[in-house]
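# Fold and geometry: a report
The chain contents come next:
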Amino acid sequence: MIRLFSILIALSVALAACAPAPAPSTMGNDGKALPRAYKISRADSGKLQFRMLDSVNALRGASGLSQVQLDANLNAAAATHSRDMANQNRPWHFGSDGSSPVDRIQRVGYTGELVGEVISETYETELESLAAWMEQPDTRRIIMAPDAVNLGFSWYQEDNGKIWWTMVLGK
């Protein structure tokens, strides 16, 4: 009997060693999901601006506001500022040359007026960033501005996965 019991224990230990290691936890101690880097692929990069545009227009439409259109000049201003923020390693509205959002939209040839600019330094997706912007009254006010007609959206992603998002709205 002892021999049979010993064999069963040995088999149990052997089988336990063959079991795959448990997957690393995706939950933090606070019960929330652990952040993970969002890597923008080449295939996704062409879709991001339209995904953001559709999401912004869905939010605006739900509030009875008119839709905005992508504007190539505002996209260029957003792209320039995203890269510049990464170079400065800080999210703020001033360029390394002291430029303001108004200066940047004028430089790219946008003939309308600036409604506002929203920025983010994160590892999150564009839609997670939009959700965070909508939770803050100041950035929500810009995204939901009734007089906005044009939208520019771009980003710069560092090798480590950090993303610098910039959205510019104009009228």
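A brief report on the enclosed structure follows. (Residues numbered from 1 in each chain as written. Predicted model: local features only at pLDDT ≥ 70, side-chain atom pairs only at ≥ 80, totals over all residues. Heavy atoms only, no water.)

Our focus in this paragraph is the nonpolar core. Within the largest apolar cluster, 23 residues are counted, with the highest numbers of intra-cluster contacts made by V56, L130, W133, I143, F153, W165 and M167. Listed by contribution, the elements that provide at least two residues to this core are α2 (42-62), α5 (126-135), α6 (137-143), β3 (150-157) and β4 (163-170). When neighbours within four sequence positions are excluded, L130 is seen to be in contact with M52, S55, V56, L59, I143 and M167. Membership of the second largest hydrophobic core comes to six residues, among which are L74, A77, Y110 and V168. (Core = buried A, V, L, I, M, F, W, Y, C linked by side-chain atoms within 4.5 Å. Buried < 20%, exposed > 50% of the residue type's maximum accessible area, 1.4 Å probe, protein only. Helix = DSSP H or I, 4+ residues; strand = E, 2+ residues; numbered from the N terminus. Contact = heavy atoms within 4.5 Å.)

Next up on the list: the packing of aromatic side chains. Tallied over the full model, the rule gives four aromatic pairs. Measuring from centroid to centroid gives 6.2 Å for F153 and W155, while their planes differ by 45 degrees, and the two rings are tilted. An identical accessibility class is assigned to F153 and W155; each is buried. With centroids separated by 6.0 Å and ring planes inclined at 55 degrees, the aromatic side chains of W155 and W165 adopt a geometry described as tilted. (Phe/Tyr/Trp six-rings, centres within 6.5 Å; stacked < 30°, edge-to-face > 60°.)

To continue, consider α5. Of all the positions in α5, only E126, S129, L130, W133 and M134 are classed as buried. When α5 is viewed along its axis, its buried side chains cluster within an angular range of 140 degrees and face the same direction. Where α5 is buried, its residues meet α2, β2 (114-122), α6, β3 and β4. (Arc of directions from axis to C-beta.)

Remember that the coordinates give geometry; whether it matters functionally is a separate question.
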